Amino acid sequence: MGELKNDIQFLPGVGPKRAALIKRELGINTLEDLIHFYPFRYIDRSSITPIASVSPDVAYVQVRARVVSRNLINIKHLSVMVEDDSGRMEMVFFKGVKWTFDRLEPGREFIFFGKPQLYNGKLNMVHPEVDSPQENTSSRGVLTGVYPSTEKLKAGGITGKVMCKLQSAAISLCLSEITENLPDSIRNGHGLCPLQYAIKNIHFPDDTRALELASRRLKFEELFFLQLSLLKQKYVRSRAVNGIAMPVVGAPFHACYNALPYSLTGAQQRVIREIRSDMASGSQMNRLLQGDVGSGKTMVAVLSCLIAVGNGYQACIMAPTEVLAQQHFANIQKYLAPTGVRCALLTGSTTRKERRPLLEGLASGEIGIIVGTHALIEDTVKYKALGLAVIDEQHRFGVSQRASLWSKGPGQGSSVPPHVLVMTATPIPRTLAMTLYGDLDVSVIDEMPPGRKPVQTMLIGQNRLPGMYRFIKDQIAMGRQAFVVYPMIFINEKMEDVSNVEQGYEDIVKEFPLEEGYKVAIVHGQQSNDEKAFNMKAFVDGRANILVSTTVIEVGVDVPNASVMVIRSAQRFGLSQLHQLRGRVGRGAEKSYCILVKDPKTGAEALKRLELMCSTEDGFEIAEQDMKMRGPGDLEGTQQSGLPVSLNIASLSRDGLLLEEARHCAQDVLDADPSLQSPANAPLLRELRKDKYNIKDYSNIS
Ligand code: ADP
Ligand code: MG
């Protein structure tokens, strides 16, 4: 007993050297880790491909063939010609040459399993697995698991075959120790097989049906415990009276509201009602506000801040970039004019001289609303009574940054945190939102302000640039403005966007010369803040006709007069990012255009993305497709924040239905037994105590 926690080096066939390699490459330390390391796909060992039908396009094949001849080219290179009734093929070995030479006697038949490739126009296999026909059927089931591997593992002798052997040894040693972690009622209610059966069959499936049962059970379990931990945190927090009660709406809110130049959309009104009731409740608000680009989130943020101010607290709005913070500040000041609430801007480029009175104003409470970047959460910034933190475009902020906001509640160091409103314009697929924000309340603005016109999107090659320039000139002649965006290029993690965008700027200036009255501004990440602000302002104020930039303008920037968005090397952008960029136009009354310019060598995948952009403007559809095409791990905006717990077997893009089922199940369990105290739920509590669910830091951000 007690094998599960044993170090893998004691497993027969491992030893200290291999153990170190496995630990380093796969992070597997114990037998328990090992048996939770699953195959990522399976090969049907029952099917044999005739040599004539082998194609280099398939990942793996199995052929059954006789050895025709052996050719020992040198001590490290063996070439073996084999044939079946349909044709001949070469097998190549660079390791174990001597042993293999002796074994592969001409005339004998073997099963060769490996990856076919084209070499000098001929098919071969390098280092196929070689089995005698008897071995092949007796030693393994029909489906053989393929485990994730690395070059170093293979070089160290941990081949696929060896991994299977290790798994088999580990399972016979400790399968009986694995305890069921789902109560019978859940297993029966959802048609889930026992855990031991699932572990055995995920590695060595008896047949396809068994594999399916095993995989469904393990995926469900993974999604279920993740949801259970998130919902439990949400539950605990909503029960605890640990928020600032803000009972009134207050005069500043009404002053702003009554002076609005437009009426709020139904969706904006609904969301403000939700926020208002959260803030009045006495519990801490943790709300995610999702709304597509241009849906009017800023107004919602401002009115929410004014509720805090109306109740005697301060509010801050944190933006991911300096440019965006400045624009927010300018807009917000306009809205605040009728309220008399004092608002200030604090960013990295605020000078020391400006900072001093600002910090004093925050400490004394004279400043009601502060807008800024990360500078807002520096230690030196002390609030008199921070009651609400609004985080715009949250995906740009790391977990720890959000956590430090949390500590800035009224009466610093006290246990009462400010209310938190997280706003994102990145539409997030439902399954991902449920996981990333499973412990937050979510509001959605699903209605655009009236008057928005669809943006016409087209995809062109570089050969059509001259026509595009003429088109932009026509637009400028009608008084409009245009964005031209270049991708940021990272080489060795260093930003190398400057040459790219600067070359682009020169090209544009050549087409749109100053002598003909054109003015072109440029903004990129390497400029000083003053330079950036100066150029940006020239465009926002309408003095520049064209803004050439990298994606620094991606989020939030609002120039209603801009009617053209040109995206160069559009194939380099992800779908969500393209969607964000396109959202920069179509904000005014005029018809707007988005022109995607692809480079000559655009791949098929990228082309598919660009074509999707031309066919829809629905951010949620785009997000769903993005997730399908690239997997949630790569989804923009999620790399930094990441999933609270990494998924081992389930996939948010493929297992959406199972996730819904698991979440409902977790909700039902908590509804019936909120603190999981009933004996039947003991296994659940035990599982949740594991380190991987210790996601407290994650909950603090919210
Ligand atoms: P986002 O959700 O992208 O942050 P903004 O808050 O910047 O959107 O709003 C986009 C534009 O729509 C702004 O120019 C804003 O003034 C305008 N706007 C917001 N709400 C309304 C409304 N209810 N009616 C008309 N225009 C609105
Ligand atoms: Mg915005």
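One structure accompanies this document, and this report is about it. Here the structure is a predicted model, which means the values were calculated and not measured.

Criteria and thresholds
Residues numbered from 1 in each chain as written. Chains lettered and ligands numbered in written order. Predicted model: local features only at pLDDT ≥ 70, side-chain atom pairs only at ≥ 80, totals over all residues. Heavy atoms only, no water. Helix = DSSP H or I, 4+ residues; strand = E, 2+ residues; numbered from the N terminus. Buried < 20%, exposed > 50% of the residue type's maximum accessible area, 1.4 Å probe, protein only. Contact = heavy atoms within 4.5 Å. Areas by Shrake-Rupley, 256 points an atom, 1.4 Å probe, with all protein chains shown as cover. Near = heavy atom within 4 Å. Polar contact = N/O pair within 3.5 Å; in protein donor to acceptor, adjacent residues only side chain to side chain. Nonpolar A, V, L, I, M, F, W, Y, C, P; charged D, E, K, R; others polar. Core = buried A, V, L, I, M, F, W, Y, C linked by side-chain atoms within 4.5 Å. Domains from an automatic or database assignment. Pairing = 2+ DSSP bridges. Axes fitted to C-alpha atoms, helices over the stretch in contact; angles between N-to-C directions. Right-handed = clockwise from strand over helix to strand, strands pointing away. Parallel < 35°, antiparallel > 145°, perpendicular 65-115°, else oblique. Phe/Tyr/Trp six-rings, centres within 6.5 Å; stacked < 30°, edge-to-face > 60°. Lys NZ or Arg CZ within 6 Å of the ring centre and 35° of its normal. Expected span 1.5 Å × (residues − 1).

1. Focus on the overall build of the chain
Each helix and strand in the chain was counted, giving 25 helices and 24 strands. Evaluated residue by residue, the chain yields a buried proportion of 54% over its 702 residues. For the chain, long-range pairs separated by at least 24 residues make up 74% of all intrachain contacts whose partners lie at least 6 apart in sequence. Counting every atom, the chain has about 31200 Å² of accessible surface; 52% of that belongs to carbon and sulfur.

2. Observations concerning the site of ligand 1
Around ligand 1 there are 17 residues in total, and Q268, G294, K297, T298 and D558 lie nearest to it. Between ligand 1 and S263 there is a distance of 3.0 Å, counted from a nitrogen atom to a backbone nitrogen or oxygen. Contact distances for ligand 1 include 3.1 Å between an oxygen atom and a backbone N or O atom of G296. For ligand 1, the accessible surface in isolation is 570 Å², of which the surrounding protein chains cover 83%. Tallied by class, residues from the shell around ligand 1 come to six nonpolar, seven polar and four charged.

3. Describing the nonpolar core
By size, the foremost hydrophobic cluster in this structure holds 49 residues, and its most contacted members are F220, F224, L228, I370 and L684. Looking at this core element by element, the count peaks at seven residues for helix α23 (residues 656–672). For this core, the domains that each give at least three residues are domain 2 (203–240 + 650–700) and domain 3 (251–281 + 295–424). Residues A301, A308, L336 and C343 belong to the second largest nonpolar core, which totals 42 residues.

4. Quick look at the environment of I428
For I428, the location among the structural elements is in the loop between β15 (419–424) and α16 (430–436). Sequence separation between I428 and G291 is 137 residues; the distance between their C-alpha atoms is 9.8 Å.

5. Quick look at the sheet that holds strand β11 (residues 314–318)
As summarised here, the arrangement of the seven strands in space is β12-β13-β11-β14-β15-β10-β16, forming an open sheet in which the pairing is parallel. The sheet is open, and its two edges are formed by β12 (343–346) and β16 (441–445), each paired on a single side. Direction aside, neighbouring strands of the sheet carry axes that sit 20° apart on average. Here five bridges tie strand β10 (residues 286–291) to β15, and the two strands are oriented parallel to one another. For R287, the partnering residue across the bridge sits in β15 and is L421. Where helix α11 (residues 266–280) meets the sheet, it contacts β10, β14 (386–392), β15 and β16, and its direction lies at approximately 155° from that of β16.

6. Notes on the pairing of strand β21 (residues 520–523)
Burial of the side chains of β21 extends over both faces: V520 and I522 are buried on one face and A521 and V523 on the other. Relative to strand β22 (residues 546–549), β21 is paired through four bridges, and the arrangement is parallel. Considered in β22, the bridge of V523 is made with S549. Considered for its hand, the β-α-β crossover made up of β21, helix α19 (residues 529–540) and β22 is right-handed.

7. Here's the deal with the environment of T380
The topology assignment puts T380 in the loop between β13 (369–372) and β14. Note: C-alpha distance between T380 and L359 (21 residues apart in sequence) is 8.2 Å. Those residues in contact with T380, other than ones at most four positions away along the chain, are R355 and L359.

8. A closer look at the packing of helix α10 (residues 251–259) against helix α12 (residues 297–310)
As a packed pair, α10 and α12 sit with axes 7 Å apart at the nearest point and diverge in direction by 150°. If you check the angle between α10 and α12, you find them roughly antiparallel. Along its contact with α10, which presents P252, F253, C256 and Y257, the element α12 presents M299, V302, L303, L306, I307, V309 and G310. The residue makeup of the contact of α10 with α12, split by class, is 10 nonpolar, one polar and no charged.

9. Comments concerning the packing of aromatic side chains
Per the counting criterion, the structure on display carries nine aromatic pairs. Judged by centre distance (5.9 Å) and plane angle (10°), the ring pair of F220 and F224 falls under stacked. Note that F220 and F224 are positioned in helix α9 (residues 208–239) at a spacing of four residues, about one turn of the helix. Each member of the pair, F220 together with F224, is buried. Through a chain of ring-to-ring contacts, three or more aromatic side chains come together here, namely F220, F224 and F225. Between the NZ or CZ atom of R70 and the centre of the ring of F101, over which it lies, the distance is 4.3 Å. Above the plane of the ring of F512 lies K473, whose end atom (NZ or CZ) is 5.2 Å from the centre.

10. Thoughts on the sheet that holds strand β18 (residues 481–485)
The strand order across the open sheet built from six strands is β17-β24-β23-β18-β22-β21, with neighbouring strands paired in parallel fashion. Unpaired on one side and paired on the other, β17 (455–460) and β21 mark the two borders of the sheet. Neighbour-to-neighbour, the strand axes of this sheet turn through a mean angle of 15°, independent of strand direction. Two strands pair when backbone bridges link them, and strand β23 (residues 562–567) and strand β24 (residues 592–597) are joined in this way by four bridges, in the parallel orientation. By the bridge assignment for β24, V566 is matched with I595. Packing of helix α21 (residues 604–615) onto the sheet brings it into contact with β17 and β24, and relative to β17 it is tilted by some 155°.

11. Overview of unusual backbone geometry
For S569, which is not glycine, the phi torsion reads 45° and is therefore positive. Looking at where S569 falls in the secondary structure, it is placed in the loop between β23 and α20 (575–582). Positive phi is not limited to glycine here, since L676 has a value of about 55°. Mapping L676 onto the fold places it in the loop between α23 and α24 (682–688).

12. Structural notes on helix α13 (residues 322–336)
The first and last C-alpha atoms of α13 sit 21 Å apart over 15 residues, in line with the 21 Å expected at 1.5 Å per residue. Those residues of α13 that are buried are in contact with α12, β11, β12, β13, β14 and α19. A distance of 3.1 Å separates the backbone nitrogen of L324 from a side-chain oxygen at the start of α13, and that oxygen is part of T321.

13. Thoughts on the pairing of strand β5 (residues 109–114)
Most of β5 is tucked away: five of the six residues are buried. Examined bridge by bridge, strand β2 (residues 61–74) and β5 share six bridges and lie antiparallel to one another. From the neighbouring strand, R64 faces β5, where its bridge partner is I111. As paired strands, β5 and strand β8 (residues 129–131) are joined by three bridges and run antiparallel to one another. From the neighbouring strand, I111 faces β8, where its bridge partner is D131.

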